[in-house]
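Overview (structure and organization)
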Amino acid sequence: GDAPRLPGFEAAQVAIDSFAVETAELVRAAQIAGVPLYAILVDRFMGGSMPPPAHGVRIHETCALRQAMPVAARCLLRGVETMKVKFDPQTAFEQSLKTLQIMRSAHPRIGLRVDLGDTLTHMVRLGEDPCPPLAALAQLDLEYVEGALDSALLEILPDGLVPLAVDLAQTPLQRAREAIECAQVHTLVLKPHLCGSYGAAFDLAQMARAQGVQVV
């Protein structure tokens, strides 16, 4: 199993290590049984039954906001219909918003996912209202806005302002679970290794779907 030491993930290293060990054990079990890994996963965590096939798996290109225009053009050439754009925390939000508005105007049909990092939680800590910036983003027809979501932020956000995504890389597992249970988010960005085990990852995904939360 692969258990990389990644900057910023020190607090999750125990979960990452545990997931890596389980991955190695499952790969070995699949080799002994002479079956692909997914067959082992389906048998252990999905009751032995594959879900109906999807029509396709949507993918997106990820880029920094300053790269959005050329990456959007490349996406269209390659047939990739969705982008995820990462805001720079060192750039003023108003400037970033203007750049995104220009990009959206040039490419009105491309699917847009926006990653704000900890911008919103930082606003709350400074006593600023995050609702106006989110309302401005909502005008851009985004699939979702992703970022760190703490309890203080979620308490002041009105329902339906903008589709929110909770990312396990930015939000602790228990906080993400609570946000899903309370239907405060639109999308779960699932990173299985941060759950610590395949069982926990499958349970979280199934719980999200039961609440009507999209899982990516």
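Computed from a prediction, not measured in an experiment: that's the story for all the values here.

**Thoughts on helix α2 (residues 37-45)**
Those residues of α2 lying buried are I40, L41 and V42. As for α2, its buried residues are in contact with α1 (13-33) and α9 (198-210). Taken from the residues just after α2, G47 is the one with a positive phi, measuring 70°.

**Topic: the sheet that holds strand β4 (residues 144-147)**
The parallel open sheet is built from seven strands, whose spatial order is β1-β2-β3-β4-β5-β6-β7. The sheet terminates laterally at β1 (61-64) and β7 (214-215), the two strands that pair on one side only.

**Some details on the nonpolar core**
Of all hydrophobic cores here, the largest spans 49 residues; its most connected members are M83, L100, L116, L137 and L188. No other element matches the five residues that α9 contributes to this core. L116 has contacts with F87, F93, L134, L137, V145 and E146, leaving out every residue within four places of it along the chain. Core analysis: the second largest hydrophobic core is formed by six residues, F19, L26, A30 and L41 among them.

**Quick word on the packing of aromatic side chains**
Inspection of every chain in the model, using the stated rule, returns four aromatic pairs. Each ring, one from F19 and one from Y198, has its centre 4.4 Å from the other, and the planes form 25°; the classification is stacked. On the criterion of sequence distance, the pair formed by F19 in helix α1 and Y198 in helix α9 is long-range, its members being 179 residues apart. Exposure class is identical for F19 and Y198. Each is buried. On the basis of an interplanar angle of 10° and a centroid distance of 5.3 Å, the ring pair of F45 and F202 is categorised as stacked. Here F202 lies in helix α9 and F45 lies in helix α2, a separation of 157 residues in the sequence. Given the relative accessible area of 21%, F45 is considered partly exposed. Taken together through their ring pairs, the aromatic side chains of F19, F45, Y198 and F202 make up a single cluster.

Reading the values: the criteria
The written sequence of each chain sets the order in which its residues are numbered from 1. pLDDT decides what is reported in this predicted model: residues at 70 or higher carry local features, side-chain atom pairs at 80 or more are listed and counted, and totals for whole chains, interfaces and linings draw on all residues regardless. Excluding hydrogens and water, the side-chain figures rest on all heavy atoms present in the structure. Buried, partly exposed and exposed residues are distinguished by accessible area as a fraction of the type maximum, computed with a 1.4 Å probe on protein chains only: under 20%, between the cut-offs, and over 50%, respectively. Secondary structure counts use DSSP, requiring at least four H or I residues in a row for a helix and at least two E residues in a row for a strand, with both numbered from the N terminus. The contact criterion used is simple: two residues touch if any of their non-hydrogen atoms lie within 4.5 Å. Strand pairing is assigned whenever DSSP identifies at least 2 bridges connecting the two strands. Nonpolar cores are built from buried Ala, Val, Leu, Ile, Met, Phe, Trp, Tyr and Cys residues. Side-chain atoms within 4.5 Å join them into one set. For Phe, Tyr and Trp, where Trp contributes only its six-membered ring, two rings pair if their centres lie within 6.5 Å, and the inter-plane angle classes them as stacked under 30 degrees, edge-to-face over 60, or tilted in between.

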